[in-house]
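Analysis of the macromolecular model
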Number of protein chains: 2
Amino acid sequence: MNIGDAARASGVSAKMIRYYESVGLIPSATRTDSGYRSYADADVHRLRFIRRSRDLGFSVTEIHNLLGLWRDRSRKSADVKRVAQQHIADLRRRIDDLQQMADTLQTLVACCAGNDRPDCPILANLERPGHAVTATRKKRRPRSPLTQR
Amino acid sequence: MNIGDAARASGVSAKMIRYYESVGLIPSATRTDSGYRSYADADVHRLRFIRRSRDLGFSVTEIHNLLGLWRDRSRKSADVKRVAQQHIADLRRRIDDLQQMADTLQTLVACCAGNDRPDCPILANLERPGHAVTATRKKRRPRSPLTQR
DNA sequence: GCTTGACCTTCCAGCCATGGAAAGGTTTAG
DNA sequence: CTAAACCTTTCCATGGCTGGAAGGTCAAGC
């Protein structure tokens, strides 16, 4: 199985497979006599694991840990859970940051006439951040349905 | 006013001021005889505008547009509003992506015993994405209080 | 004057995960 | 035999910074 086949089968581009190999996320592939990388089903399996992890936003470093736990038959599920929870916390921080930006901008947009006149509260706020809009204390977003326990 | 003073006064690091100059976001600063960059209050004012825009997540390209509108006394507020609205849409896309990751992970975490045993639904899902968890239809998050009109 | 330390200058490299292109070798079908 | 579809390595670019190295400038204190 050449790299292109492994790429199609796993959903990881050939480029990224080579990259993952170069940074040590996956072991060096065996080579044919002519130097082509050769892959087996187990390799594709691992690549799919990586792909799915990336889709869930894990960094290469985190995936490295996850792969270690995956391979370790005597792992403790608590270790996996901790990695996942830390990642969730990270995602939530990023969500909160973006949400605060969006909220502030939404407030400003709502105040902007959006017509042919030059007066614009959005520019005014960028120029000199107003107190009311900026200083809103950080409100917790309501938990989304899926995250409720 | 040297670059360090401008940095302190604006909240933009000296490094970034040079960077913004190099990419054409701000005009080249005037120089002293010895080659030091020299800044006036108007420059600091502009840097603060940039800082605030970055804090709201605008890209350098978008800030370039915003600065143009800011300078243009005959701008239409509708133009500013459109830029802001597009940016809000972008923020919301990113939030939704992250939120979906967090939701999926939260579901998995909730299913994981988190004990000394190796069985782990999180790893199981990474290995072979389960249908129930992955295929949840995209649910709209409720609007946060600030974004309600 | 001379030293010291806080400035300033430019240039270069790295981060992260990825895409692209160049320049060449290999394999396979027709 | 040839064409096209592979594969290989290497370098470059992205965005928005941060850091460092090597060197010039300036102000205060001796």
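Quick caveat, the model's predicted, so the values are computed rather than measured. Counting restarts for each chain: residues are numbered from 1 in the order of the written sequence. Naming scheme: in the order in which they are written, chains are lettered from A and ligands are numbered from 1. This being a predicted model, a pLDDT of at least 70 is required before a residue's local features are given, and a value of 80 or more before pairs of side-chain atoms are given or counted; all residues contribute to the totals for chains, interfaces and linings. The basis for every side-chain value is the complete set of heavy atoms in the structure, and neither hydrogens nor water enter the calculation.

Here's the deal with the overall build of chain A
For clarity, the cut-off: A run of H or I in DSSP becomes a helix once it reaches four residues, and a run of E becomes a strand once it reaches two; helices and strands are each numbered from the N terminus. Burial classes follow relative accessibility: with a 1.4 Å probe on protein chains only, a residue under 20% of its type's maximum area counts as buried, one over 50% as exposed, and anything between as partly exposed. In this analysis, two residues are considered to be in contact whenever any of their non-hydrogen atoms come within 4.5 Å of each other. Reported accessibility uses the Shrake-Rupley method at a 1.4 Å probe radius. Residues are deemed covered only where the shown protein chains occlude them.
The secondary structure content of chain A amounts to seven helices and two strands. Counting from the amino terminus, chain A carries its helices and strands in the arrangement α-α-β-β-α-α-α-α-α. Buried positions account for 40% of the 149 residues belonging to chain A. Considering only intrachain contacts with a sequence separation of at least 6, the fraction spanning at least 24 residues in chain A is 49%. Split by element, the accessible area of chain A, about 8,600 Å² in all, is 48% carbon and sulfur.

Some remarks on the protein's contact with DNA strand C
In plain terms, the rule: Distances are taken per atom, and a residue is near a molecule or strand as soon as one of its heavy atoms is within 4 Å of it. Side-chain atoms alone can form a polar contact between residues adjacent in sequence; in general such a contact is a pair of N or O atoms within 3.5 Å, and within protein one must be able to donate a hydrogen while the other accepts it. As a working rule, the residues Ala, Val, Leu, Ile, Met, Phe, Trp, Tyr, Cys and Pro are called nonpolar, Asp, Glu, Lys and Arg charged, and the rest polar, with Gly in that last group.
Near DNA strand C, the surroundings consist of 19 residues, among which A:Lys15, A:Tyr20, A:Tyr36, A:Val60 and B:Gly4 are the closest. Sugar plus phosphate: this is where 69% of the atoms of DNA strand C within 4 Å of the protein reside. B:Arg18 is positioned with one of its side-chain polar atoms (N or O) 2.7 Å from a phosphate oxygen of DNA strand C. B:Arg31 is positioned with one of its side-chain polar atoms (N or O) 3.0 Å from a phosphate oxygen of DNA strand C. Ranked by the residues each element gives to the surface near DNA strand C, the list is headed by helix H2 (residues 14-22) of chain A, at four residues. Tallied by class, the residues present in the surface near DNA strand C amount to seven nonpolar, six polar and six charged.

A few points about the relation of the copies chain B and chain A
Under the convention used in this document: Residues below a pLDDT of 70 in either copy are left out; the C-alpha atoms of the rest, at least 70 in both, set the least-squares superposition of the copies.
When chain B is fitted to chain A, the residual RMSD is 0.1 Å, and the transformation amounts to a turn of 180° plus an axial shift of 0.0 Å. Here the two chains are linked by the operation of a two-fold rotation axis. Rotation axis and chain B: the residue whose C-alpha lies nearest the axis is B:Ile95, separated from it by 2.8 Å. Most of the interface of chain B is mirrored in chain A: 100% of its interface residues are interface residues there too.

Some words on the interface of chain B and chain A
For clarity, the threshold we go by: Note: buried area is the sum, over both parts, of the accessible area (probe 1.4 Å) each one loses when the two are combined. The salt bridge definition used is simple: a Lys or Arg side-chain nitrogen within 4 Å of an Asp or Glu carboxyl oxygen.
Contact with chain B, which involves 62 residues of that partner, is made by 62 residues of chain A. For the pairing of chain B and chain A, the buried interface totals around 5,600 Å² over both sides, and the portion due to carbon and sulfur atoms is 68%. Together, B:Arg52, B:Leu123 and B:Leu126 form the three largest contributors to the area buried by chain B at its contact with chain A, with a combined 12%. Joining chain B to chain A, the criterion identifies zero salt bridges. Connecting chain B to chain A are 20 residue pairs in polar contact (both at pLDDT 80 or more). Counting residues per element, the ones that place at least two in the side of chain B that touches chain A are helix H3 (41-55), helix H4 (60-71), helix H5 (77-111) and helix H6 (121-127) of chain B. Sorting elements by how many residues they give to the side of chain B that touches chain A places H5(B) first, with 22 residues. Across the side of chain B that touches chain A, the residue classes break down as 28 nonpolar, 17 polar and 17 charged.

Quick notes on the protein's contact with DNA strand D
In the region of DNA strand D, 19 residues are neighbours, and A:Gly4, B:Lys15, B:Met16, B:Tyr36 and B:Arg54 sit closest. Close to the protein, within 4 Å, the atoms of DNA strand D are drawn from sugar and phosphate at a rate of 70%. Contacts to DNA strand D include A:Arg37, whose backbone N or O atom sits 2.8 Å from a phosphate oxygen. Between DNA strand D and B:Arg54, the relevant distance is 2.5 Å, taken from a phosphate oxygen to a side-chain nitrogen or oxygen of the residue. The element best represented in the surface near DNA strand D is helix H2 (residues 14-22) of chain B, accounting for four residues. Taken together, the residues of the surface near DNA strand D sort by class into seven nonpolar, six polar and six charged.

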